[in-house]
Amino acid sequence: MNANEGTPPEGSTACGGTLFGEDGASPPGVAPELRSVLHDGAPVSPDAIASRFEADGFCFPIPVISETDAAINLNRVIRAEKGGEDRRRLLRSKAHLAYRFIDRLARTPAILDCVERILGPDLLLWGSTCFVKAPGSSSYVSWHQDLNYWGLNSTEEVSAWLALSASTEANGCMRFVPGSHLRGPIAHRDSFEEDNLLSRGQELEVSVDEEETVSVVLAPGEMSLHHGRLFHASGMNRGNDWRVGLALRYITPSTRQVVGVRDFAQLVRGEDRFGHFEEMPRPESDDDYAAMQRFEYVDGVTGSIFFATDPPYRPDDLDDPCDDEDWVEPDMPERGG
Ligand code: NI
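All values reported here derive from a predicted model rather than from experimental measurement.

A. Representation of the overall build of the protein chain. Summing up its helical and strand segments, the protein chain has six helices and twelve strands in all. Expressed as a percentage of its 337 residues, the buried residues of the protein chain come to 42%. Contacts in the protein chain between residues far apart in sequence, at least 24 positions, make up 82% of those at least 6 positions apart.

Shown next, in the form of structure tokens:
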């Protein structure tokens, strides 16, 4: 091996560009030679996280909590899931405002250490959602990109998907399309299919070649990281056990909410020098009635963001609307109305 081969020097990137470059000049997709070739299930080394994330739009598996801690938290999710609609709905969207165990999981140092390698030292927790598939469940997630419906003006966002149960091809693990995050925002259509776990049943208007996909097989306690523009989906649970993952959405403090009038995020590491998001008190237990009331309030304020965009909202078209004199605050339709 000659001196020019091997890992790039410190500070450079596998793509030679910026971490979140979507300047419109990039060709669709990414040249195969720029993609990471390692999807063999070997744990990702911390030093490889940023470069693999940039090249592929994801990296996994990364062990972050013990199998025992995963099992304890799996039971908490299943208990909430079986606890009636009032408890179940608190597992969606910003579950860390309602449940102490989710607030704590979202602050796991090993998770934040990895996210920091991509987003830098200042981190806000913007969202947390449990994706729950009961044994034999027909629930699935259609092919989509995350950022198109969240009203955020930046791609400085990372989803950490923490497996609380095993996540396998048989029980409906996620699948990714390597390099698809470099294609920029893609139009989606809404299906509102009953079994689709997404809020609008949204799906990409472009077809996905299943041959190109990677199955995100995770053991309990391992996580994957994925970019907000990565094409991803997941299938039904054909197994006999619950498949549960907790998706934690981290953003940088400079990010803005540009569709909703107000939005909420928790500072989980470093410093917030911008104040674009409101912070809420942390739940004191998993039965904290005041925290659940706060969740309902926040959900009422922010819930309509997901439904406020018709035709589908394109964050890149609205880069900084607050600076535009002609910008008019969008109407906020009632959720599910
Ligand atoms: Ni998603």
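Further notes follow.
B. Up close: the sheet that holds strand β8 (residues 214-215). Read across the open sheet, the four strands follow the order β3-β10-β5-β8; overall the sheet is antiparallel. Each edge of the open sheet carries a strand with a single partner, namely β3 (141-144) and β8. Pairing between strand β5 (residues 174-176) and β8: two bridges, direction antiparallel. Note that in β8 the partner of Phe 176 across the bridge is Val 214.

C. Summary view of the sheet that holds strand β11 (residues 243-251). Overall, antiparallel pairing links the six strands, which are arranged β1-β9-β4-β11-β2-β12 in an open sheet. The open sheet has two free edges, formed respectively by β1 (58-63) and β12 (266-269), since each of these has just one partner strand. Across the sheet, the axes of successive neighbouring strands diverge by a mean angle of 35°, strand direction being ignored. Pairing of strand β4 (residues 157-163) with β11, which is carried by seven bridges, proceeds in the antiparallel orientation.

D. Layout of the environment of Ser 159. By secondary structure assignment, the location of Ser 159 is in strand β4. Judged by C-beta crowding, with 23 C-beta atoms within 10 Å, Ser 159 ranks as buried. Contacts of Ser 159, omitting those with residues within four sequence positions, involve Asp 146, Leu 225, His 226, Gly 228, Ala 247, Leu 248 and Arg 249.

E. Main features of the nonpolar core. Ranked by size, the top nonpolar core spans 75 residues in total, and within it Phe 60, Val 115, Ala 160, Leu 162, Met 223, Leu 225 and Tyr 250 carry the most contacts. Looking at this core, the element that brings in the most residues is strand β2 (residues 123-133), giving seven residues. The contact partners of Val 115, leaving out residues within four places of it in the chain, are Leu 123, Val 158, Ala 160 and Tyr 250.

F. Quick look at the packing of helix α1 (residues 49-56) against helix α5 (residues 109-119). Interhelical geometry of α1 versus α5 gives an angle of 60° and a closest axis separation of 8 Å. Between α1 and α5, the crossing angle belongs to the class labelled oblique. Where α1 crosses over α5, the two elements pack in a sense that is right-handed. Packed against α1, whose contacting residues are Ile 49, Ala 50 and Phe 53, the element α5 presents Cys 114, Arg 117 and Ile 118 at the interface. Taken together, the residues that form the contact of α1 with α5 break down as five nonpolar, no polar and one charged.

G. Here's a closer look at helix α2 (residues 67-81). Between its terminal C-alpha atoms α2 stretches 21 Å, which fits the 21 Å expected from 15 residues at 1.5 Å a residue. Residues Ala 70, Asn 73, Leu 74, Arg 76, Val 77 and Ala 80 constitute the buried set of α2. All buried residues of α2 project into a common sector of 160° when viewed along the axis, lining one side. In α2, the exposed positions angled more than 90 degrees off the buried face are occupied by Thr 68 and Arg 79. For α2, the secondary structure elements touched by its buried residues are α3 (85-88), α4 (100-105), β2, β4 and β11.

H. Spotlight on the environment of Pro 283. When you line up the elements, Pro 283 lands in the loop between β12 and α6 (289-302). Through-space distance from the C-alpha of Pro 283 to that of Phe 295 is 9.8 Å; in sequence the pair is twelve residues apart. Dropping the residues within four chain positions of it, Pro 283 is found in contact with Leu 97, Ala 98, Tyr 99, Arg 100, Asp 103, Asp 288 and Ala 291.

About the criteria used
- Residues numbered from 1 in each chain as written.
- Predicted model: local features only at pLDDT ≥ 70, side-chain atom pairs only at ≥ 80, totals over all residues.
- Helix = DSSP H or I, 4+ residues; strand = E, 2+ residues; numbered from the N terminus.
- Buried ≥ 20, exposed ≤ 12 C-beta atoms within 10 Å, placed from the backbone.
- Contact = placed C-beta atoms within 7 Å.
- Pairing = 2+ DSSP bridges.
- Axes fitted to C-alpha atoms, helices over the stretch in contact; angles between N-to-C directions.
- Core = buried A, V, L, I, M, F, W, Y, C linked by C-beta atoms within 7 Å.
- Parallel < 35°, antiparallel > 145°, perpendicular 65-115°, else oblique.
- Left-handed = near helix turned anticlockwise from the far one by under 90°.
- Nonpolar A, V, L, I, M, F, W, Y, C, P; charged D, E, K, R; others polar.
- Expected span 1.5 Å × (residues − 1).
- Arc of directions from axis to C-beta.

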